[in-house]
Amino acid sequence: MSHHISAMLNAHPQGDKAPSKDSLAECIAACFECAQMCTACADACLGEDMVAELAACIRTDLDCGDVCAATGNILTRQTGGQTSITLAALEACRAACAACAEECEKHAGMHEHCRICAEACRRCEAACNTMLASG
């Protein structure tokens, strides 16, 4: 997926202004993958018999998924350059991913979907850290 994202970043008329395009493409891909994993995990939690015990996980999944999707969209926009909004989105995404991973890790031994989601959250958290360090 990041290959197509890189191709689009390179095709953008202002794409040459994007810092560290490889890291940017990887972060965009990680954000969208994490958004999908969080949505899927929340849905899987709703299907579990112990759904009431997973309420915090569901809420964290949904919040994280929304933040990741918004961050992926913000990072995709290249016109206008890096802004304080981009940095704030990366910070929020990193925090949401850390919180979601921590919550899903509590259930990972019992629910495979939580383990998979936690891994996606940790990848996205790391990708946001890389972008923030390069900015």
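Details of the structure are given in the entry above.
Let me begin by describing the structure that accompanies this report. (Residues numbered from 1 in each chain as written. Predicted model: local features only at pLDDT ≥ 70, side-chain atom pairs only at ≥ 80, totals over all residues. Heavy atoms only, no water.)

### Side note on the overall build of the protein chain
Helices and strands together make up the secondary structure of the protein chain, namely five helices and zero strands. Secondary structure of the protein chain in N-to-C order comes out as α-α-α-α-α. Evaluated residue by residue, the protein chain yields a buried proportion of 40% over its 135 residues. When the accessible surface of the protein chain is totalled, it reaches about 7000 Å², and 57% of it is carbon and sulfur. (Helix = DSSP H or I, 4+ residues; strand = E, 2+ residues; numbered from the N terminus. Buried < 20%, exposed > 50% of the residue type's maximum accessible area, 1.4 Å probe, protein only. Areas by Shrake-Rupley, 256 points an atom, 1.4 Å probe, with all protein chains shown as cover.)

### Here's the deal with helix α3 (residues 55-76)
Counted at 1.5 Å a residue, the expected span for α3 with its 22 residues is 32 Å, and the 32 Å between its end C-alpha atoms agrees. Those residues of α3 that sit buried are Cys57, Ile58, Thr60, Asp61, Cys64, Gly65, Cys68, Thr71, Gly72 and Leu75. Buried residues along α3 cover an arc of 165° about the axis, so they all sit on one side. With respect to the buried face of α3, the exposed residues turned more than 90 degrees away are Arg59 and Asp66. (Expected span 1.5 Å × (residues − 1). Arc of directions from axis to C-beta.)

### Considerations on the pattern of salt bridges
Counted by the stated rule, this structure contains eight salt bridges. Here Arg115 ties to Glu112 by a salt bridge, and the two come within 2.4 Å at their closest N and O atoms. Note that Arg115 and Glu112 are positioned in helix α5 (residues 112-134) at a spacing of three residues, about one turn of the helix. For Glu125, the salt bridge is made with Arg122, and the minimal N-O distance between the two is 3.0 Å. Remark: Arg122 and Glu125 occur in helix α5; sequence separation between them is three residues, near one turn of the helix. Assessed through its relative accessible area of 16%, Glu125 is described here as buried. Via salt bridges that share partners, Glu105, Arg122 and Glu125 belong to a single interconnected network. (Salt bridge = Lys/Arg side-chain N within 4 Å of Asp/Glu carboxyl O.)

In short, geometric facts, not functional conclusions.
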